[in-house]
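Inside the fold
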Amino acid sequence: MYWACILITCIQLTYCKVLVPPTTVLDWWQNSIVYEIFPLSFKDSNGDGSGDFKGITEKLDYIVDLGVTAIWLTPFFESPLESGGYDITNYLDVQHVFGTLDDFKDLLNTAHSKNLKVIMDFVPNHTSDKHIWFEKSAKNETVYADYYIWKDAKNQEEVIKNNATPIVPNNWVILKIYL
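Residues numbered from 1 in each chain as written. Predicted model: local features only at pLDDT ≥ 70, side-chain atom pairs only at ≥ 80, totals over all residues. Heavy atoms only, no water.

1. Here's the deal with the overall build of the protein
When helices and strands are counted, the protein shows 7 helices and 5 strands. Secondary structure of the protein in N-to-C order comes out as α-β-α-α-α-β-β-β-α-β-α-α. Relative to its full complement of 179 residues, the protein shows a buried share of 27%. Pairs at least 24 residues apart make up 53% of the contacts formed inside the protein by residues separated by at least 6 positions. Carbon together with sulfur atoms contributes 57% to the accessible area of the protein, which is approximately 12900 Å² in total. (Helix = DSSP H or I, 4+ residues; strand = E, 2+ residues; numbered from the N terminus. Buried < 20%, exposed > 50% of the residue type's maximum accessible area, 1.4 Å probe, protein only. Contact = heavy atoms within 4.5 Å. Areas by Shrake-Rupley, 256 points an atom, 1.4 Å probe, with all protein chains shown as cover.)

2. A few points about unusual backbone geometry
Phi angles above zero are rare outside glycine, and leucine 81 is one such case at about 55°. In this structure, asparagine 115 takes a positive phi of about 60° despite not being glycine. Within the secondary structure, asparagine 115 is located in the loop between α5 (101-113) and β5 (117-120).

3. So, the sheet that holds β5
Spatial ordering of the open sheet is given by β1-β2-β5, a layout of 3 strands whose pairing is parallel. Either end of the sheet is taken by a strand with one partner, and the two such strands are β1 (34-37) and β5. Direction aside, neighbouring strands of the sheet carry axes that sit 25° apart on average. The strands that α5 touches are β2 (70-73) and β5; relative to β5, the one it contacts most, it runs at about 140°. (Pairing = 2+ DSSP bridges. Axes fitted to C-alpha atoms, helices over the stretch in contact; angles between N-to-C directions.)

4. Looking at the pattern of salt bridges
On inspection of all chains with the given rule, the structure shows 4 salt bridges. Between aspartate 61 and lysine 114 there is a salt bridge, with its nearest N and O atoms 2.7 Å apart. With aspartate 61 in helix α4 (residues 60-65) and lysine 114 in the loop between α5 and β5, the pair connects residues that are 53 residues apart, well separated along the chain. A residue is classified by how much of its surface remains accessible, and aspartate 61, at 45% relative accessible area, is partly exposed. With relative accessibility at 27%, the residue lysine 114 sits in the partly exposed group. (Salt bridge = Lys/Arg side-chain N within 4 Å of Asp/Glu carboxyl O.)

5. A closer look at the pairing of β2
Regular strands place side chains that alternate from one sheet face to the opposite one. Two strands pair when backbone bridges link them, and β1 and β2 are joined in this way by 4 bridges, in the parallel orientation. Following the sheet pairing, isoleucine 37 is matched in β2 by leucine 73. Relative to β5, β2 runs parallel, the two sharing 4 bridges. Residue pairing across strands places tryptophan 72 opposite isoleucine 119, the latter belonging to β5.

6. Examining α5
Since the α-helix packs 3.6 residues into each turn, any two residues three or four apart lie on the same face. Taking 1.5 Å as the rise per residue, α5 with 13 residues should run 18 Å; its terminal C-alpha atoms sit 18 Å apart, in good agreement. Within the span of α5, buried status applies to Asp103, Phe104, Leu107 and Ala111. Around the axis of α5, the buried residues are gathered within 100° of arc, so they sit on the same side. Along α5, the residues that are exposed and aim more than 90 degrees away from the buried face are Asp102, Asn109 and Ser113. At the C-terminal side of α5, asparagine 115 shows a positive phi close to 60°. (Expected span 1.5 Å × (residues − 1). Arc of directions from axis to C-beta.)

7. So, the side chain of threonine 127
Inspection of the secondary structure assignment puts threonine 127 in the loop between β5 and α6 (132-138). For threonine 127, the side chain forms a polar contact with the side chain of tyrosine 148, separated by 2.5 Å. Excluding anything up to four places from it in sequence, threonine 127 contacts Tyr86, Asp87, Ile88, Tyr91, Trp133, Phe134 and Tyr148. (Polar contact = N/O pair within 3.5 Å; in protein donor to acceptor, adjacent residues only side chain to side chain.)

8. Remarks on the side chain of aspartate 87
By secondary structure assignment, the location of aspartate 87 is in the loop between β3 (77-78) and β4 (90-94). Lacking a salt bridge, the buried aspartate 87 has lysine 130 as its closest oppositely charged neighbour, with an N-O distance of 6.4 Å. Aspartate 87 has contacts with Glu78, Ser79, Pro80, Leu81, Glu82, Thr127 and Ser128, leaving out every residue within four places of it along the chain. (Lys, Arg positive; Asp, Glu negative; His and termini not counted.)

Limitation: the analysis is restricted to geometry and does not speak to function.
The following block contains the structure:
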């Protein structure tokens, strides 16, 4: 009997829509259907095997037909793509495999013309070890020295004395994505 009551309650909550009307007007993000897009694997428009901005733009009508009101793009900034695009080397340009900055602007304008919001996965706390900030911080340049938190290797004395391979000071696993 207990399970029957739970089932009936779930059905009522599912099909009765709003049991208690909201007391305030909801912001757009509280009432949106958001579709996450990993550009690299979404839609290839030029046959190079990688998804791109033009491919996403081509599929916007389909996305709108699904009832989506916002698209969320995972990082697409310039990157060596060793960590799914989260290892950014330049926040001022796009990864060229996705197209050009103008291609992105076309995607943005087309999405907005279809009343789609565009959410960019902007990750300022993730950079590549090839980013200029990281390189300057690693050299302990004054302005950039505290851009990152540095910790000695677990075997730091052995590294200094015998040029041993450093052992990372944490249990993080490094995953490489090969394209």
